[in-house]
Every structure is written in C-alpha cells, then in structure tokens.
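Summary of the model geometry
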Protein chains: 2
Amino acid sequence: MNHDQIKLLGAAGLRATQPRVSIARLLFGDGKDRHVTAEWVAEQLDAADENIVLASVYNTLNAFVAAGLLREVHGAERGVAIFDTNTTPHHHFYNEKTKKLTDIPAEAVKVLKLPAAPKGAKTVGCDVIIRVR
Amino acid sequence: MNHDQIKLLGAAGLRATQPRVSIARLLFGDGKDRHVTAEWVAEQLDAADENIVLASVYNTLNAFVAAGLLREVHGAERGVAIFDTNTTPHHHFYNEKTKKLTDIPAEAVKVLKLPAAPKGAKTVGCDVIIRVR
DNA sequence: CTCTCTGCAAAAGGTTTGCACGTCC
DNA sequence: GGACGTGCAAACCTTTTGCAGAGAG
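Attention now goes to the packing of helix H1 (residues 3–11) of chain B against helix H2 (residues 18–28) of chain B. Residue and element names in this part refer to chain B. Packing of H1 against H2 leaves a shortest axis separation of 9 Å and a crossing angle of 105 degrees. Compared by their axis directions, H1 and H2 come out roughly perpendicular. Residue-level inspection shows Gln-5, Ile-6, Leu-8 and Leu-9 of H1 in contact with H2, the latter providing Arg-20, Val-21, Ala-24, Arg-25 and Phe-28.

What follows covers the relation of the copies chain B and chain A. Aligned on chain A, chain B shows an RMSD of 0.1 Å; the corresponding rotation is 179 degrees and the shift along the axis is 0.0 Å. Both copies are brought into coincidence by an operation consistent with a two-fold rotation axis. The C-alpha atom lying nearest the rotation axis in chain B is that of Gly-75 of chain B; the distance is 1.5 Å.

What follows deals with the protein's contact with DNA strand C. Taken together, the neighbourhood of DNA strand C is formed by 22 residues, with Arg-15 of chain A together with Arg-15, Tyr-58, Gly-79 and Ala-81 of chain B sitting nearest. Close to the protein, within 4 Å, the atoms of DNA strand C belong to sugar or phosphate groups at a rate of 78%. Residue Arg-20 of chain A places a side-chain N or O atom 3.0 Å away from a phosphate oxygen belonging to DNA strand C. A distance of 3.3 Å is found between a sugar or linking oxygen of DNA strand C and a side-chain nitrogen or oxygen belonging to Arg-78 of chain A. Within the residue set of the surface near DNA strand C, elements represented by two or more residues are helix H2 (18–28) and helix H4 (54–67) of chain A together with helix H4 (54–66) of chain B. Here the surface near DNA strand C takes 5 residues from H4 of chain B, the largest share from any one element.

Glancing now at the pairing of strand E5 (residues 100–105) of chain B. All names here are of chain B. Across 6 bridges, strand E4 (residues 90–95) lies against E5 in antiparallel orientation. Counterpart to His-92 in the pairing with E5 is Asp-103. Here E4 folds back onto E5 in antiparallel fashion, the turn holding 4 residues, of which Lys-99 has a positive phi close to 60 degrees.

Moving on, we get to the sheet that holds strand E3 (residues 82–84) of chain B. Residues and elements named next belong to chain B. Spatial ordering of the open sheet is given by E1-E3-E2, a layout of 3 strands whose pairing is antiparallel. Each of the sheet's edge strands pairs with one partner strand only, and the pair in question is strand E1 (35–37) and strand E2 (71–73). Pairs of neighbouring strands in the sheet enclose a mean axial angle of 40 degrees, with direction left out of account. Pairing geometry for E2 and E3, over 3 bridges, is antiparallel. Each bridged residue has a counterpart across the sheet, and for Arg-71 the counterpart in E3 is Asp-84.

Right, let's get into the side chain of Asn-86 of chain B. All names here are of chain B. Note on placement: Asn-86 falls in the loop between E3 and E4. In this structure Asn-86 comes out as buried when scored by relative accessible area, which is 12%. One polar contact links Asn-86 to Thr-88, side chain to side chain, over a distance of 2.6 Å. Not counting the four nearest positions on each side in its chain, Asn-86 is found in contact with Asp-33, Arg-71 and Asp-103.

The next point concerns the pattern of salt bridges. Tallied over the entire structure, the rule returns 14 salt bridges over all chains. Linking Asp-30 of chain A and Arg-34 of chain A is a salt bridge whose minimum nitrogen-to-oxygen distance equals 2.9 Å. Of the charged contacts, one joins Arg-78 of chain B and Glu-72 of chain A as a salt bridge, the two residues approaching to 2.5 Å between their closest N and O atoms. In this pair, Arg-78 of chain B sits in the loop between E2 and E3 while Glu-72 of chain A sits in strand E2 (residues 71–73), so the two residues belong to two different chains. Put simply, Glu-96, Arg-131 and Arg-133 of chain A together with Asp-127 of chain B are held in one network by salt bridges that share partners.

The rules behind these values
- Residues numbered from 1 in each chain as written.
- Chains lettered and ligands numbered in written order.
- Predicted model: local features only at pLDDT ≥ 70, side-chain atom pairs only at ≥ 80, totals over all residues.
- Heavy atoms only, no water.
- Axes fitted to C-alpha atoms, helices over the stretch in contact; angles between N-to-C directions.
- Helix = DSSP H or I, 4+ residues; strand = E, 2+ residues; numbered from the N terminus.
- Parallel < 35°, antiparallel > 145°, perpendicular 65-115°, else oblique.
- Contact = heavy atoms within 4.5 Å.
- Least-squares fit on C-alpha atoms with pLDDT ≥ 70 in both.
- Near = heavy atom within 4 Å.
- Polar contact = N/O pair within 3.5 Å; in protein donor to acceptor, adjacent residues only side chain to side chain.
- Pairing = 2+ DSSP bridges.
- Buried < 20%, exposed > 50% of the residue type's maximum accessible area, 1.4 Å probe, protein only.
- Salt bridge = Lys/Arg side-chain N within 4 Å of Asp/Glu carboxyl O.

Right, here's the structure in full:
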C-alpha cells in the first residue's frame, strides 16, 4: 500500500523516490511511534530485500527531519543519531543499559520562569532526557 | 598553588599525577563554572607549555567524571563530549549557532508526575536542554 | 530533458584502545 | 618494587561528502 507513503511524501514536499517510499513505509506504515537509528533502518530494509546504502538512509532520514516528518532526539547516546517518528512535543527516558528510549508526555514536565535566552536567540527545541539504568 | 589540586584529587580517590594536577588546576583553579571539551583543554595546556596528548586528556576527563569531579553534559552537540565543572543539578541552554552552553538553575524546571521508569531501573540523571538559535 | 536522488567509496571528526615506558606511593 | 597512568599511534564508529550514473516529473 504505497499510495499512503507517496501522498505523505508529496505533502511534505519530497519527491517520492523508491528508497524514500520504502523507508516511509517502514517508519510510518503502521502509525506506531518509533525511535530508530540509521543502522536499524538499513537492517530492516536489508531483511526485506530492499537494499539501500547506509549513506542514503542517512540522507533520507535527514531529509525527513528537514521536512518535519521526523524529529531527532538529542542527548541519548553520544555519537549516534536517533530519530523519532513522533514529532509532537514530548520527552524521554533513556535506559543506558538497554539503550532504549521511552516516551514521557509533555505535560509531565513543567518549565517555570526560564532565564531569557541570550538576546536575539529564539528557542528552537527543548529536550528533556531522564537517564535510567 | 598545586596543593589545592593535589588535595582535591586525593579526596576523589585519584592519584595526583602531573597531568591530572595540571588539568585540575585549569578546570578548578579559580572556582568558576566551566563547560569544556577535551580539545579546549588540550589547547589551553599547549598554550601553557604543558603538553598532554589528547588521548590522555580524554582519559583524565573521563576519570574525573567517574570520580564525580566533573559531569558530562548530554544532548548538546552530537559526537562531541562536553564536560561541566558544576556537578550540582542544573540544566542548560544550548546555542546551536555559537555552540555555547548557558546554565539554567534547577529550580526553573519543574518535573511533575513522571511515569515510572521501566521496572528495576533507577534514575541516574536528568538533562534538560533548551536549544536556541 | 532537467534536476534531484542514489549508490558507492572515501573522508571526516571525535573518541577509544594497545602497548611500551615512566612515574607515583 | 609494583600498580597505575601517560605518550604515541593506530583503530574505531558513526556520519558526511563527492562524484558518476539512474530516476522522477
């Protein structure tokens, strides 16, 4: 059912190339929230005989982030990019042992009087990561 | 006045080797809060004619973290380790343009009813990063 | 037909590791 | 003297980039 992915990509302003449709189906096909790495995506595609080079997986995931289809989670593992299919505001537990992320609803964290960000700077994101072990 | 650093290291259970004393003096000598990278530390030492190889700087900084003298800030730049001389609980602004961290007092962020961390897991840290640009 | 994307390989960037030597206690 | 730390170089891993060719519109 690739129609859905093609529409999704079109709506996001991205050309519906074959690799992008495959990755979109993998990530959004069942509507579930996912935290994925580029490596995991490549493995899944491999297992489905849809080989896409790791570099292209990265390019695609970055394009998805730029298009707002995906969100990058900062602060989990250093040096590893983790992408979140849930683009609505929320936060995360990060289990250092299992390296797994778990969602925390945005309402569970309240931010009070923030010191003003340096002049001329505007807030572009807010990551709360509670690390557990 | 290296006496202070030697005492500091001893109290933390670390042998007072020359490189460690140098780095401790650089980081804690004036009691100011600092956010540093391994590269910055190496440069400063270089400039003071106290050459310490980058790998040793990393080893030392990691040792300091393990000993509780230093804290690693997660979630700023991916792939770059940033160490914070302020080990008390607090949070950060991260300016994506200047790549600079700014402190946010812990009291400015209130965490409500957290969903319980996965069974058997205990919280080991909490990083709040507000990214600005 | 043109512009963009992909595959591939190589580079880049930051951090870690292995080993022989030096040093702290 | 014995354990631990350091210097150095090489390895490592994830991510990015450059380029030629393929594909989408």
